[in-house]
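Below, each chain spelled out in residue letters.
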Amino acid sequence: MSRPHVRSTWAALGVAVFLASAGNLRLWKALITESTAVSWPVVACGFLVVAAVFNLLLQAVALPWLFKPVAGVLLVFSAVTSYFMLDYGVLIDVGMVRNTLQTDAAEAGDLVTLRCIAFIALLGVLPALLLAFTRVRYAPARAELALRAKVVALSLVLGALAAWPAYGELSIVVRESRALKYMTNPVCPLAALLKYARTEGAAASAPLERIAADARRTVVGPSGKRSIVVFVLGETATASHFSLNGYERDTNPELTARGVLNFPQVMSCGTSTADSVPCMFGSLTRKDYERGKAPSRENLLDVLQQVGIDVLWRDNNSGCKGVCERVPHEPVNGPESLRQGDEYFDEALLTGLQEHLARTAGDLFIVLHQKGSHGPSYFKRSPPAFKRFLPECALAELQDCPSEELVNAYDNTILYTDHVLGLVIDFLAAQSADSQVAMLYVSDHGESLGENGIYLHGFPYWLAPEEQKHVPMVFWASPDFLAAQGLQYTDLAALAARDYSHDNLFHTVLGLFRIEAAVYEPELDIFAERLPR
């Protein structure tokens, strides 16, 4: 049986048309059915423009030993990105690339469903194999260049003719919905991937920059007791699903019973763990934060350790994103009763913590990094005893679940986080005889649950919906901790109602430990107004 064969010029054109059509289903869906919809003639013109541009690029690489590998990779890559843009409504920028590449195997595995595999196989692997099986013929150089020049010229003419009548309507739509520019696949995802590689490579080779060489503590143990602050780093909790913030379901019974100080208006630094965590522990505000520089700058944990405070990072997530590299850190390790498959429930974060306190004598700052409400498999994040809201979605394909079942599964994770935070408070309260103790909780980012067809998180910040940026934050402290700081819950209620963000965390923790440094900004310290200096 002879292999099919085709001229290289036509093979490149065929791949270009396939990528412009099947590879950009998310773009055409937005232009046909969503709020960005335009007329069919304009959509047709837009398709011709995209196909013409892709054809110009592929004609340039339609060379022996180069075309098939490049085109094959593009076909598979385009299918992968197209699936996630279609099914979860995500947009792929450098932040999403970072979030994807820095996640752990368990979280990534939840996204690889049968539908995902079938989609990528049908629209990526199969076309790539067909191309690999096809014999691509190249004519003598002069004839090859002549034909290719004609095809390139025709692409330019058709692209220009198509762009002319559609430009006015498309330019208005793009200005009104800037998300459209992220939907051109695989161009935008590839550009994001290259930018990620460039910025991460530069950061890895940069020398470490000290940020608080002058840091010193002004008051140490004024009550004769050591200070223990536990910072619970939440995961994927959105403020609107906390009953403390007015949510109609009682998702915070244990926090309510313990009388925590609730902060209803807190905004995240990013929409993914990979962006938010380095930002919130850094001294730069979100406005000044540059992800490429974060790994080469010291952070809050470095400053605390520098002034003699014992630091521990305990992780039940996909790592600390470089923040804990220079301080003691460890993965979660609990009893089998708190384990489900390859993952631990968040209660395991407290396992062995009492023994750690016994091994240290000085002040402590402990970070407990939750698994929290990380999707898409929300049903895996809560033990059976905390599945109060039923029926719940038990699928990773979120769009296949009724909205109420999806919300049930997510709310069960919030209810379980409430329980874990209650356990942390009880654990700290048990240490109050010889320690002054406090807990601060804040989520790294929020989550979309299908609103406007968007799921999960990781949207570009300037486009992200409120659900991905508005996060819960609560504070609890023992009476002697508050007294030593000159704080009272009744006085702090007015402060808690103000607008805050992750920008406040670095300076607030420095303030709680009475650390002075040039980098400390009192106006960003939540409690500075109540702290006697």
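For the structure itself, consult the block above.
Presented here is a report on the structure given in the accompanying data block. Computed from a prediction, not measured in an experiment: that's the story for all the values here. (Residues numbered from 1 in each chain as written. Predicted model: local features only at pLDDT ≥ 70, side-chain atom pairs only at ≥ 80, totals over all residues. Heavy atoms only, no water.)

### Regarding the overall build of the protein
Cut-off, in case you're wondering: Numbering of helices and strands starts at the N terminus; helices are DSSP runs of H or I of at least 4 residues and strands are runs of E of at least 2. Exposure categories follow from relative accessible area, calculated using a 1.4 Å probe and restricted to protein chains: below 20% of the type maximum is buried, above 50% is exposed, and the middle band is partly exposed. Accessible surface is estimated by sampling points in the Shrake-Rupley manner with a 1.4 Å probe; for residues, cover comes only from the protein chains shown.
For the protein, the helix and strand inventory stands at 18 helices and 17 strands. Along the first, second and third principal axes, the C-alpha set of the protein runs to 90 × 50 × 45 Å. Considering the protein as a whole, with its 533 residues, one finds that 56% of them fall into the buried category. Carbon and sulfur atoms form 62% of the exposed surface of the protein, whose accessible area is close to 22,300 Å².

### Here's the deal with the state of the cysteines
Stated precisely, the cut-off is as follows: Cysteine sulfurs are considered disulfide-paired once they come within 2.5 Å of each other.
This model, assessed by the stated rule, comprises 3 disulfides. The partner cysteine of Cys320 in its disulfide is Cys324, sulfur to sulfur 2.2 Å. Across the S-S bond of Cys320 and Cys324 the torsion is about -80 degrees, and the bridge reads as left-handed. For the pair Cys320 and Cys324, a shared accessibility class is recorded, and that class is buried.

### Considering the packing of aromatic side chains
In plain terms, the rule: Working definition: a ring pair exists when centres of Phe, Tyr or Trp rings (six-membered ring for Trp) sit within 6.5 Å. Plane angles under 30 degrees give stacked, over 60 give edge-to-face, the rest tilted.
In the structure shown here, the tally under the stated rule is 16 aromatic pairs. On the numbers, 6.0 Å between centres and 15 degrees between planes, the contact of Phe84 with Tyr88 is stacked. Here the residue Phe84 and the residue Tyr88 both occupy positions in helix 4 (residues 67–88), the gap between them amounting to 4 residues, near one helical turn. Every member of this aromatic cluster is reached through a ring pair, and the members are Phe231, Phe281, Trp313, Phe365 and Phe513.

### A short note on a nonpolar patch on the surface
Basically, it comes down to this: By definition, no residue in a patch forms a salt bridge, and every one has over 30% relative accessible area; like charges are joined within 9 Å, nonpolar side chains (Val, Leu, Ile, Met, Phe, Trp, Tyr) within 5 Å. One side-chain nitrogen of Lys or Arg within 4 Å of one carboxyl oxygen of Asp or Glu is enough to make a salt bridge.
The grouping of Leu154, Val157, Leu158 and Leu161 at the surface amounts to a nonpolar patch, some 380 Å² of accessible area in total. Looking at the secondary structure, you find Val157 in helix 8 (residues 141–176). Accessibility expressed as a relative area gives 44% for Val157, which makes it partly exposed.

### Here we look at the nonpolar core
For the record, the criterion: Here the nonpolar core consists of buried residues drawn from Ala, Val, Leu, Ile, Met, Phe, Trp, Tyr and Cys, with membership extended through side-chain atoms lying within 4.5 Å. Contacts are assigned to residue pairs with any non-hydrogen atoms lying within 4.5 Å of each other.
One finds Leu428 and Met439 to be the most contacted residues of the largest nonpolar core, which totals 59 residues. Of the residues forming this core, the biggest block, 10 residues, is contributed by helix 14 (residues 403–429). With near-sequence residues (within four places) excluded, Met439 lies in contact with Val230, Val232, Leu421, Val424, Ile425, Leu428, Val474, Phe475 and Trp476. Within the second largest apolar cluster, 52 residues are counted, among which are Ala212, Val303, Val442 and Ala517.

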